[in-house]
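Observations on the three-dimensional arrangement
For reference, the chains in residue letters:
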Amino acid sequence: MLSPTLILEVGVAVFLVALVGLLANKLRFSVIPFFIIIGMVLGQHAPQFWHIDLSFTESKPFIDFMGRLGVLFLLFYLGLEFSVSRLMKSGKSIVTGGTVYVLINFVSGLLVGWLMDLPFKEMMVLCGVMTSSSTAIVAKVLTDLKRTANPETEVIMGMIMFDDLFIAMHISFLSGLILTGGTSFWAVAGTSLLALGFILTFLVLGRKLVPAIDKVLDKKSSELFILIIFSLLFLIAGFSETIHVAEAIGALMAGLVFADSKYIKKIEGMILPYKDFFGAMFFFNFGLTIDMYTLGGAVGWASLAAVVTIIGNVASGYFASRFSSMKPKTSFDIGFTLSARGEFSIIMANIGKAGGLMPMLQSFVVVYVLILSIVSPLLTKESRTLWTKLFGQDATPIKPRKTLSQLEAGTKE
């Protein structure tokens, strides 16, 4: 039986999320860590106030479902931003810079996992967590700092697109390794290959499906338009889950297909409010699952991992700037921007939790995400200043002064 205070509790939860969102905007910080923190503060040890249980025990299943929808809308919107055609055209900035970025960060995950003496499954989750940049934070930082038109931004977005595709396949691998109970190499490999085939099918057939999708959407009322979009999103995500491919990957692939539609602007406009609302509830719900008193043991390892991530990302930024024939100072812009961690890291932490992996992994991810979601935007904002302090200003060519005779000759001409 549903709690008689369910709607009231959900209303209080949404109100508190909005409140900390306003605070984050006032402080000019990313809202993601604020959503997680308010969830942690309330989740495990909050008191009951009047008829409202601030630990949200009764409303937790409903909030959890909203968080699940948040994952779908976040990944669907991410796919809308990229599109199959854009992936095909991005070329060098994706393949070269993205490959170096993934390799450096994945190896960093292996190093930290080895130092922590983690079992294989936990280490694979950790590698994914440390490889996955937060597209949401990166996009917000670039917009807030008015750097969207800068030449390095194209490189950043190319690298993050490659990273997101890698993470999509890695999540599918983790699903096969952890959630399906696969113990043999062939069982895990089979699930991973099925996921890869699912992804490639959407990438190849995406363009061919666009005309049919546009025909269905043509001249439909707003209610029918959004019903068609939602039905296809949930059907694709739900189908992917039935074949042991993470539902988030199905949502991402659906977004990639819809991104080439001539109605893309209308789709984005309709989806954006749902992405923002349910995305906020996703981060809040993640915070609710964390006991903040258990985080102490993860602070040291998470801090070390954050430092390793920043150093590795600056290194990948250096190689990316060289591949793209850009100035060395852009390596700081690229590396610091890509150091942010957020939604994908949390998705993989939730896979680990669902698979019964070590609880310490959850605590690690919380501290790790909080550190980098706060520090990365700050470093990005000061990237030019830090470069100047460490390496000095770029030498600017000094124009030779003209002599009096040259000036006179120029005047006569």
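Shown above is the structure to which this text applies.
Predicted, not measured: the structure shown is a model, and the values here were computed from it.

Each value, and the rule that gives it
- Residues numbered from 1 in each chain as written.
- Predicted model: local features only at pLDDT ≥ 70, side-chain atom pairs only at ≥ 80, totals over all residues.
- Heavy atoms only, no water.
- Helix = DSSP H or I, 4+ residues; strand = E, 2+ residues; numbered from the N terminus.
- Buried < 20%, exposed > 50% of the residue type's maximum accessible area, 1.4 Å probe, protein only.
- Contact = heavy atoms within 4.5 Å.
- Areas by Shrake-Rupley, 256 points an atom, 1.4 Å probe, with all protein chains shown as cover.
- 1 Å grid on protein atoms, 1.4 Å probe; cavity = no way out; pocket = protein on both sides within 12 Å on 5 of 7 lines; lining within 4 Å.
- Points joined across faces, edges and corners; volume = space filled by probe spheres on them.
- Nonpolar A, V, L, I, M, F, W, Y, C, P; charged D, E, K, R; others polar.
- Salt bridge = Lys/Arg side-chain N within 4 Å of Asp/Glu carboxyl O.
- Polar contact = N/O pair within 3.5 Å; in protein donor to acceptor, adjacent residues only side chain to side chain.

**Describing the overall build of the protein**
Broken down by element type, the protein carries 18 helices and two strands. When the 413 residues of the protein are sorted by exposure, 54% land in the buried category. Pairs at least 24 residues apart make up 83% of the contacts formed inside the protein by residues separated by at least 6 positions. Just so you have it, the protein exposes about 19900 Å², and 68% of that area is on carbon and sulfur atoms.

**Focus on the layout of surface pockets**
Empty space within the largest pocket amounts to approximately 890 Å³. Taken together, 36 residues form the lining of the largest pocket, with Leu74, Ala136, Lys140, Lys275 and Asp276 sitting closest to its centre. The element best represented in the lining of the largest pocket is helix H12 (residues 264–288), accounting for eight residues. Of the residues in the lining of the largest pocket, the class split is 23 nonpolar, seven polar and six charged.

**Quick notes on the pattern of salt bridges**
Evaluation of the coordinates by the stated rule reveals six salt bridges. In this structure, Glu152 and Arg384 form a salt bridge, with 3.2 Å as the shortest nitrogen-oxygen distance. Placement of the pair is Glu152 in helix H8 (residues 151–179) and Arg384 in helix H17 (residues 383–391), with a sequence separation of 232 residues. The exposure class assigned to Glu152 is buried, which follows from its relative accessible area of 5%. For Arg384, a relative accessible area of 35% puts it in the partly exposed group.

**Describing the environment of Glu343**
Take Glu343: it is sitting in helix H15 (residues 343–354). Leaving out residues up to four positions away in the same chain, Glu343 has contacts with Ile32, Leu74, Ser134, Thr135, Ala136, Phe282 and Phe283. Here the side chain of Glu343 touches Ser134 through a polar contact of 2.8 Å, side chain to side chain. Of note is the side chain of Glu343, whose polar atom sits 3.1 Å from the backbone nitrogen of Thr135.

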